[in-house]
Amino acid sequence: MGLSPKIGKEVIECCKAGEREAFEAIVLHYQKKVFNIAYRILGNLEEAKDLAQEVFLSVFDSIKDLREEVKFDVWLTQITLNHCRNRWKYLKRRHYFNSDSLDGPVETEDGNMPRQISDPSDDPETSCEKKMVQQFIQKGLLQLREDQRELIVLRDLQEYSYEEIGKLFHLPEGTVKSKLHRARMDLKEILEKYVH
Amino acid sequence: MDCEKVRDRFSSFLEDALDPLEEKVVKEHLTSCSDCQKNLQQFDKTVRWLHSLKDVEVPDGFLSEINRKMEERKRKVPFSLFPLKLPVQAVAMVAIVFLVLYLTKIIPIEIPHQKAAEHSKPSVSAPLPSKKEVDQVVAQTEARKDIVVPQTPPEPSSLSKVSPAAPEAEEMKPTWAKKEEAPAAAKPPQEITLRISDRERTLSLLHELLQRFGGKIITQEGNIFLASLPKATFSEFERELSELGSPGKADKMMLKKDGMGKLDVPGGAEQRAFETKGKERVTPQAEMKDYLLVQILLLPE
């Protein structure tokens, strides 16, 4: 998955055999990636945690059916994306994202703050500003189409290669590149309106 | 190269993925187009912002929570033991189909039963002589001996409805209901006049006799008694009743019998059946379980 080192084949085989220790090793190895993909796609820490745990439970249930020729990393990312898509639909039906406007106050660990975004590269040392920018970009991501958000999260945040993304989406690399470019341009336009 | 084509290459330009010729053309365009320059700056800033996003740390207890969830699921094993994982909708559909089949099978049976029950209700009340009618019978009997007690004929409509469904309805009713209905199916009263010398003794014997034959006194007006009695036991009852009269004066017991009474009464007793025009409409089923209304007139010597 991305640039993370692959987990040993023997661990996966032990997990297939139902060994809990092997399963826990897999969780510890991939939890950060799965959790962050979920968080960037859903934009909520609690939902991301719950979803990531569901992903690993699904892995434990179905790893015995994993064919050897399928790479575990690709398979795990596919499960994560499927869970994210289902959860996104579920939350959208319940109007979960309706209040997610870029005009609203920014949620930070220190409470809500009025939105005043400037270029983070101007003063990268201001931690508060960095947090606000992170929240701001996160909310911008949520305004993208679902497939565009997935592409940006995988490529720009999780540093997947175009080849890996192509395999996940069953698309040629060239198509992945052009789609990613379109997603970035759309995000730029979304953020541009709110940056001074 | 126009602005749109240049902007389409921004990602590749920033990733140094353009071939040298394309890169040269894009650079030339950018030096001459301030809009595309500005656009590229914004694009670059957006990508840098994205790259500046750091991974969020996994919440504490992430793994232990997974283990807890696994344990919870293990406790729910009885559900997951089901070998077939059927969708809820499919199960619900099958259940509905079975319910419909069950109902369509049940309802056609129940409807006739309900109809039978409805139809049998009027027949229960119709043949029963009301208190007023009984009084009328008694009064007229006192007034004259050779009377024809008027009895309201059962309503033709109710009678005609009885025949097809009555047996079924009868079978479904509880025993107490049958008991209640027994007098209802009774024929018009028989009239027996009995000459007696000891009224008290005769009365006690009469009660005893009725009890023995499964009958009972319905009303009493002076020396006139209206009793109900199973038809099957009537002949025997009548014979024994005649013996209650004054000793050796059995011949004194007068049984009046009109031409319509068909009872074959031994011992020379006269009887009269108070039959009405509606009699022929009474169904055979009703006759089978007949109770007789017997009017007993005690005449002190």
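Remember, predicted model here, so these are calculated numbers, not experimental data.

### A short note on the overall build of chain A
Moving on, step 1. Counting its secondary structure elements, chain A contains eight helices and two strands.
Moving on, step 2. For chain A, the succession of helices and strands along the chain, N to C, is α-α-α-α-β-β-α-α-α-α.
Moving on, step 3. Expressed as a percentage of its 196 residues, the buried residues of chain A come to 35%.
Moving on, step 4. Sequence-distant contacts, at least 24 apart, represent 61% of the contacts inside chain A between residues at least 6 apart.

### Some words on the interface of chain A and chain B
Moving on, step 1. Between chain A and chain B, the residue contacts involve 30 residues of the former and 24 residues of the latter.
Moving on, step 2. Sorting elements by how many residues they give to the side of chain A that touches chain B places helix α8 (residues 173–192) of chain A first, with nine residues.
Moving on, step 3. Within the side of chain A that touches chain B, the residues separate by chemical class into 15 nonpolar, six polar and nine charged.

### Some points on helix α4 (residues 72–93) of chain A
Residue and element names in this part refer to chain A.
Moving on, step 1. A rise of 1.5 Å per residue sets the reference length of α4, with its 22 residues, at 32 Å; its end C-alpha atoms lie 32 Å apart and thus fit the reference within 8%.
Moving on, step 2. Where α4 is concerned, the buried positions are Phe 72, Leu 76, Thr 77, Thr 80, Leu 81, His 83, Cys 84, Arg 87 and Trp 88. Taken end-on, α4 shows its buried residues confined to a sector of 170°, consistent with a single buried face. For α4, exposure combined with an orientation more than 90 degrees from the buried face picks out Asn 82, Asn 86, Lys 89, Tyr 90 and Arg 93.
Moving on, step 3. At its buried positions, α4 is contacted by α1 (9–16), α2 (20–42), α3 (45–62), α6 (146–157) and α7 (162–169).

### A look at the environment of A:Lys16
Moving on, step 1. For A:Lys16, the location among the structural elements is in helix α1.
Moving on, step 2. A:Lys16 sits 43 residues away from A:Val59 along the chain, and the two C-alpha atoms are 9.6 Å apart.

### Regarding unusual backbone geometry
All names here are of chain A.
Moving on, step 1. Even without being glycine, Glu 159 reaches a positive phi, approximately 60°.
Moving on, step 2. Relative to the helices and strands, Glu 159 is located in the loop between α6 and α7.
Moving on, step 3. Using a count of 13 C-beta atoms within 10 Å as the deciding quantity, one classes Glu 159 as partly exposed.

### Section: the packing of α1(A) against α2(A)
Residues and elements named next belong to chain A.
Moving on, step 1. Put simply, α1 and α2 touch, their axes get as near as 7 Å, and they point 125° apart. One element, α1, and the other, α2, form an angle in the oblique class. For the crossing formed where α1 meets α2, the hand is left-handed. Note on element contacts: α2 touches α1 through Ala 22, Phe 23, Ala 25 and Ile 26, opposite Val 11, Cys 14 and Cys 15.

### Quick look at the confidence of the model for chain B
All names here are of chain B.
Moving on, step 1. Chain-level statistics for chain B give a pLDDT mean of 68 and a share of 54% at 70 or above.
Moving on, step 2. Per-residue pLDDT stays below 50 along residues 121–130; that stretch engages in 19 contacts with residues further than four places along the chain or on separate chains.
Moving on, step 3. In the model, residues 247–288 has pLDDT below 50 throughout and makes 87 contacts with residues more than four positions away in sequence or in other chains.
Moving on, step 4. Here the predicted complex scores 0.53 on pTM and 0.82 on ipTM.

About the thresholds
Residues numbered from 1 in each chain as written. Chains lettered and ligands numbered in written order. Predicted model: local features only at pLDDT ≥ 70, side-chain atom pairs only at ≥ 80, totals over all residues. Helix = DSSP H or I, 4+ residues; strand = E, 2+ residues; numbered from the N terminus. Buried ≥ 20, exposed ≤ 12 C-beta atoms within 10 Å, placed from the backbone. Contact = placed C-beta atoms within 7 Å. Nonpolar A, V, L, I, M, F, W, Y, C, P; charged D, E, K, R; others polar. Expected span 1.5 Å × (residues − 1). Arc of directions from axis to C-beta. Axes fitted to C-alpha atoms, helices over the stretch in contact; angles between N-to-C directions. Parallel < 35°, antiparallel > 145°, perpendicular 65-115°, else oblique. Left-handed = near helix turned anticlockwise from the far one by under 90°. pLDDT = per-residue confidence, 0-100.

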